[in-house]
Amino acid sequence: MTVKIIELEDVGPVTIYRNKRSTRVKITIKAGGAVKVAIPWEASFEAGIRFLEEKKKWVVQTLAKIAKNTGASNLILPGPLFSTRNYHYEVSPAPIEKIRIRFSKAENSVRLEYPIGADIKSPSVQEKLKTVIEGVLRFEAKRYLPQRTEQIAASLGYTINRVTVKNNKTNWGSCSSIRNINLNLHLMRLPDRVIDYIIVHELLHTVIPNHGARFKATMTRYFPDIREMEKELKK
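Cut-offs and rules
Residues numbered from 1 in each chain as written. Predicted model: local features only at pLDDT ≥ 70, side-chain atom pairs only at ≥ 80, totals over all residues. Heavy atoms only, no water. Phe/Tyr/Trp six-rings, centres within 6.5 Å; stacked < 30°, edge-to-face > 60°. Lys NZ or Arg CZ within 6 Å of the ring centre and 35° of its normal. Axes fitted to C-alpha atoms, helices over the stretch in contact; angles between N-to-C directions. Helix = DSSP H or I, 4+ residues; strand = E, 2+ residues; numbered from the N terminus. Parallel < 35°, antiparallel > 145°, perpendicular 65-115°, else oblique. Left-handed = near helix turned anticlockwise from the far one by under 90°. Contact = heavy atoms within 4.5 Å. Buried < 20%, exposed > 50% of the residue type's maximum accessible area, 1.4 Å probe, protein only. Polar contact = N/O pair within 3.5 Å; in protein donor to acceptor, adjacent residues only side chain to side chain. Pairing = 2+ DSSP bridges.

Draft legend 1. Summary view of the packing of aromatic side chains. Counting across every chain of the model gives three aromatic pairs. Lying across the ring of Phe45, Arg18 places its NZ or CZ 4.4 Å from the centre. It is Lys20 that lies over the ring of Trp41; its NZ or CZ is 5.1 Å from the centre.

What follows is the structure in structure tokens.
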């Protein structure tokens, strides 16, 4: 085996691979947040994992910087925010003292209200709004994603151990070597078919741990419109 994918807490999936040109263990982090560890051809994967754990603090800090720079222009502003499969999210000022949430079953809406006199662009208000949004999305995701994953797994004949929901910064989902599946709570903002696509992608990793020809052929069998799915994700 030349490639191994592990799940590192606070980091997510990490690809460790043997490289004939490598003379030492080296960590690289791509602009999109993908973390890779190159090890010499004769080295063990355990050596790569140990080095990764030693450098974990640096990896986490680097990923945080990437996420911050990527989202610097994505301020939360008054008006419609986004829609999920259950609700329309919007932000508006109100005569209140602190940020609150208002649900409307009739309108299928989630309104996040903040004090009229507050500067919505300030880091403190932005951080509070993001925390509230994450909480509501997590509530939605936990009610839907695990049960949907179990339904699809049963229909396709896959066996899974556990499904968790996280606010991933660098991926839509991941699968560990013991068949634990981790799904991004922001999947709730995608169309149902695209959600299913990500779920099937991770389910397939329970038996095929790479993205080789067999993996691609199987995904194409499940989703003949796989190119459209990838385009949708890139949006």
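Draft legend 2. Examining the packing of helix α3 (residues 123-156) against helix α4 (residues 192-204) more closely. The contact between α3 and α4 brings their axes to 10 Å, and the two run at 60°. Relative to α4, α3 is oriented oblique. With respect to the hand of their crossing, α3 and α4 are arranged in right-handed fashion. Of the residues in α4, those in contact with Tyr144, Leu145, Arg148, Thr149, Ile152, Ala153 and Leu156 of α3 are Ile195, Asp196, Ile199, Val200 and Leu203.

Draft legend 3. Highlighting the environment of Leu187. Position of Leu187 among the secondary structure elements: in the loop between β11 (180-184) and α4. Distance from Leu187 to Leu145, taken between C-alpha atoms, is 8.5 Å for residues 42 residues apart in sequence. Beyond its immediate chain neighbours, meaning those up to four positions away, Leu187 contacts Leu145, Trp172, Ile195 and Ile198.

Draft legend 4. Up close: the side chain of His201. As for its placement among the helices and strands, His201 is situated in helix α4. Given the relative accessible area of 16%, His201 is considered buried. A polar contact is formed between the side chain of His201 and the side chain of His211, at a distance of 3.2 Å. Ignoring any residue separated from it by four or fewer positions in sequence, one finds His201 in contact with His211, Phe215 and Met219.

Draft legend 5. The arrangement of the sheet that holds strand β1 (residues 3-8) in detail. The strand order across the open sheet formed by four strands is β1-β2-β4-β3, and the pairing between neighbours is mixed. Every other strand in the sheet has two partners, leaving β1 and β3 (26-29) as the edge strands with one partner each. Along the sheet, successive strands turn relative to each other by an average axial angle of 25°, direction set aside. Strand direction decides the pairing type here: strand β2 (residues 12-19) and strand β4 (residues 35-40), joined by six bridges, are parallel. In the sheet register, Tyr17 faces β4, and the bridge partner there is Ala38.

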